[in-house]
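# Overview (structure and organization)
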Amino acid sequence: MVPNAEVLAQQSVAVDATVTTLADGVVTLTPTQWYAGEPTDLVRVQAPSDEMQDLVGAVDFEDGGRYLVSATDGQVTVCGFSAPYSTDLAAIYEQAFPG
């Protein structure tokens, strides 16, 4: 599936954030911009497994990296909806969450 605003808008959490820690399959992010969800200082989500990364191109988080991340029930959205920051993906986030 190609990332699109209609599907993205259904996610309960969406942020522009930097990875601060990776431990035991949990990613802790420091948000710089909230698109959806209750703003907090940190966001914790379950990182996609290596199998999901291989199977559907799920995001591979790296410590210190900047990402656009969407999630529901603590599970990161795959198929390109969560990925390293890019202006193209940021435009989709802006369209999905216009203000």
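Structure: see above.
Attention here is on the structure that accompanies the text.

### What to know about the overall build of the protein
In terms of regular secondary structure, the protein is built from 3 helices and 6 strands. Of the regular secondary structure in the protein, the N- to C-terminal order runs α-β-β-β-α-β-β-β-α. Relative to a compact globule of 99 residues, whose C-alpha radius of gyration would be 13 Å, the protein shows 12 Å and is just as compact. Reported as C-alpha extents along the three principal axes, the dimensions of the protein are approximately 35 × 30 × 25 Å. For the protein, the proportion of its 99 residues judged to be buried stands at 39%. Considering only residue pairs separated by 6 or more positions, the protein has 47% of its internal contacts joining residues 24 or more positions apart. Within the structure as shown, the protein displays about 5,400 Å² of accessible surface, and the carbon and sulfur contribution to it stands at 51%.

### Observations concerning helix 3 (residues 87–96)
By the burial criterion, the buried members of helix 3 are L89, A90, I92, Y93 and A96. Projected down its long axis, helix 3 carries its buried residues within an arc of 155 degrees, all on one side. Opposite the packed face of helix 3, turned more than 90 degrees from it, sit the exposed residues T87, D88 and Q95. Structurally, helix 3 contributes buried residues whose contacts are with helix 1 (5–8), strand 1 (13–23), strand 2 (26–36), strand 4 (66–72) and strand 6 (83–84).

Conventions we followed
Numbering of residues begins from 1 in every chain and follows the order in which that chain's sequence is written. For this predicted model, a pLDDT threshold of at least 70 governs which residues receive local features, and a threshold of 80 or more governs which side-chain atom pairs are given and counted, while totals over whole chains, interfaces and linings are taken from all residues. Based on all heavy atoms of the structure, the side-chain values leave hydrogens and waters out of the count. A helix here means a DSSP run of H or I that spans at least four residues, while a strand means a run of E at least two residues long, and both kinds are numbered starting from the N terminus. Only C-alpha atoms enter the radius of gyration; for comparison, a globular chain is expected to reach 2.2 Å times N to the power 0.38, where N is the number of residues. Exposure is judged per residue with a 1.4 Å probe applied to protein chains only, and the accessible area is read against the type maximum: over 50% gives exposed, under 20% gives buried, and values in between give partly exposed. Between two residues, a contact is recorded if the distance between any of their heavy atoms is within 4.5 Å. Note that accessible areas follow from Shrake-Rupley with a 1.4 Å probe, and for residues the cover is restricted to the protein chains shown. By definition, the arc is the one covered by directions from the helix axis to the C-beta atoms.

The quantities given are spatial measurements derived from coordinates; they are silent on function.
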